[in-house]
Amino acid sequence: MTRIGTLFLITISIILGVANSLHAKHIIGGDMYYECNSDGSYTITMTVYRDMASGGAPFDSPAYFGTFDGGFLTRLDSAYIDSRTTVPPNTLECFSVSNPPQVEKAVYSFRTPVLPVSSNDYTIAYQRCCRNETINNIFNPGDSGATFSVVITREAQEICNDSPVFEAFPPLII
């Protein structure tokens with residue numbers, strides 16, 4: 001790992017860990033994307049999914065996001081939950097589950113200030129402890145966290161490009 005990558009992980013861990021003292025044992029996954037606004041700002045949207053049966057803490061509200069320019073923290077933003085819904089259970093047609101997991105979804109969004117075109121990539125990141133205890137392919141999932149990030153490349157900054165967006169929630173059980 002590069003020195004910048006290591007510094008990035010240490011910095012986000014310290015800053016977001018201090019700012020976010022709740023310890024939840026429920027994170028299933030999530031994603032983050034950006035839309036470039038004509039004034040040079042970006043609208044950041046993050047979706048987080050949690051296991052409703054895990055007994056973990058509620059979603060963060062506010063959630064804290066670090067903005068990094070070339071690996072250096074340049075600002076800290078916060079966002080409250082825009083919407084919160086239950087995800088209908090979905091599995092592959094060839095698989096049947098008598099008691100499917102219940103999943104809750106929270107969507108956050110915020111608008112950055114104008115980000116000048118940088119010679120570096122911008123990284124927007126959110127970090128949270130812990131994963132849901134039902135995961136069996138991670139050793140001690142309750143001690144493992146999740147980081148959601150999106151990178152705004154220099155090329156995307158120059159042409160005011162948007163990032164890809166996931167349209168559908170994947171099957172819960174494959």
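Predicted model only: the values in this text are computed from it and were never measured.

## Structural notes on the overall build of the chain
Part 1: Across its full length, the chain holds two helices and eight strands.
Part 2: Across the chain, helices and strands are ordered from the amino to the carboxyl terminus as α-β-β-β-β-β-β-β-β-α.
Part 3: Within the chain, counting contacts between residues at least 6 apart in sequence, those at least 24 apart form 69% of the total.
Part 4: Looking at the chain as shown, the accessible area adds up to about 9,700 Å², and 54% of this sits on carbon and sulfur atoms.

## Structural notes on the side chain of Ser 163
Part 1: When you line up the elements, Ser 163 lands in the segment after helix H2 (154-159).
Part 2: At 2.8 Å, the side chain of Ser 163 forms a polar contact with the backbone nitrogen of Tyr 34.
Part 3: Here Ser 163 is in contact with Tyr 33, Tyr 34 and Val 150, once residues within four sequence places are set aside.

## Concerning the state of the cysteines
Part 1: Enumeration according to the criterion identifies one disulfide in this entry.
Part 2: Residue Cys 36 pairs covalently with Cys 160 via a disulfide, S to S 1.9 Å. Residues Cys 36 and Cys 160 are joined through a disulfide that is left-handed, its torsion about the S-S bond being -105°. Separated by 124 residues along the polypeptide, Cys 36 in strand S1 (residues 27-36) and Cys 160 in the segment after H2 bring together distant segments of the chain.

## Brief notes about the pairing of strand S8 (residues 145-152)
Part 1: Judged by which residues are buried, S8 turns out to be one-sided: Ala 146, Phe 148, Val 150 and Ile 152 face inward and are buried, whereas Gly 145, Thr 147, Ser 149 and Val 151, on the alternate face, are not.
Part 2: Relative to S8, strand S7 (residues 122-129) runs antiparallel, the two being bridged by eight bridges. By the bridge assignment, Arg 128 is partnered in S8 with Ala 146.

## Overview of the sheet that holds strand S4 (residues 72-79)
Part 1: One open sheet accounts for four strands, arranged S4-S3-S7-S8; its pairing is antiparallel. Each of the sheet's edge strands pairs with one partner strand only, and the pair in question is S4 and S8. With strand direction ignored, the average angle separating the axes of adjacent strands in the sheet is 25°.

## Here's the deal with the pairing of S4
Within a regular strand, the side chains alternate between the two sheet faces.
Part 1: Note: strand S3 (residues 63-69) against S4, seven bridges, orientation antiparallel. Residue pairing across strands places Thr 67 opposite Arg 75, the latter belonging to S4.
Part 2: Between S3 and S4, which pair antiparallel in sequence order, lie two residues; one of them, Gly 70, sits at a positive phi of approximately 65°.

## Considerations on the environment of Cys 130
Part 1: Relative to the assigned elements, Cys 130 resides in the loop between S7 and S8.
Part 2: Between the C-alpha atom of Cys 130 and that of Asp 143, which follows or precedes it by 13 residues, the distance is 6.0 Å.

## What about the packing of aromatic side chains?
Part 1: Applying the stated criterion to the full structure yields four aromatic pairs.
Part 2: Ring centres of Tyr 34 and Tyr 42 lie 5.7 Å apart, and the angle between their planes is 80°; on these two criteria the pair is classed as edge-to-face. Residue Tyr 34 shares its accessibility class with Tyr 42, and that shared class is buried.
Part 3: On the basis of an interplanar angle of 35° and a centroid distance of 5.6 Å, the ring pair of Phe 65 and Tyr 126 is categorised as tilted. In this pair, Phe 65 is assigned in strand S3 and Tyr 126 in strand S7, connecting sequence segments 61 residues apart. There is no split in this pair, since Phe 65 and Tyr 126 are both buried.
Part 4: Site record: aromatic cluster; members linked through ring pairs are Phe 65, Phe 110, Tyr 126 and Phe 148.
Part 5: Over the aromatic face of Phe 59 sits the side chain of Arg 50, whose NZ or CZ is 5.5 Å from the ring centroid.

Reading the values: the criteria
- Residues numbered from 1 in each chain as written.
- Predicted model: local features only at pLDDT ≥ 70, side-chain atom pairs only at ≥ 80, totals over all residues.
- Heavy atoms only, no water.
- Helix = DSSP H or I, 4+ residues; strand = E, 2+ residues; numbered from the N terminus.
- Contact = heavy atoms within 4.5 Å.
- Areas by Shrake-Rupley, 256 points an atom, 1.4 Å probe, with all protein chains shown as cover.
- Polar contact = N/O pair within 3.5 Å; in protein donor to acceptor, adjacent residues only side chain to side chain.
- Disulfide = S-S within 2.5 Å.
- Buried < 20%, exposed > 50% of the residue type's maximum accessible area, 1.4 Å probe, protein only.
- Pairing = 2+ DSSP bridges.
- Axes fitted to C-alpha atoms, helices over the stretch in contact; angles between N-to-C directions.
- Phe/Tyr/Trp six-rings, centres within 6.5 Å; stacked < 30°, edge-to-face > 60°.
- Lys NZ or Arg CZ within 6 Å of the ring centre and 35° of its normal.

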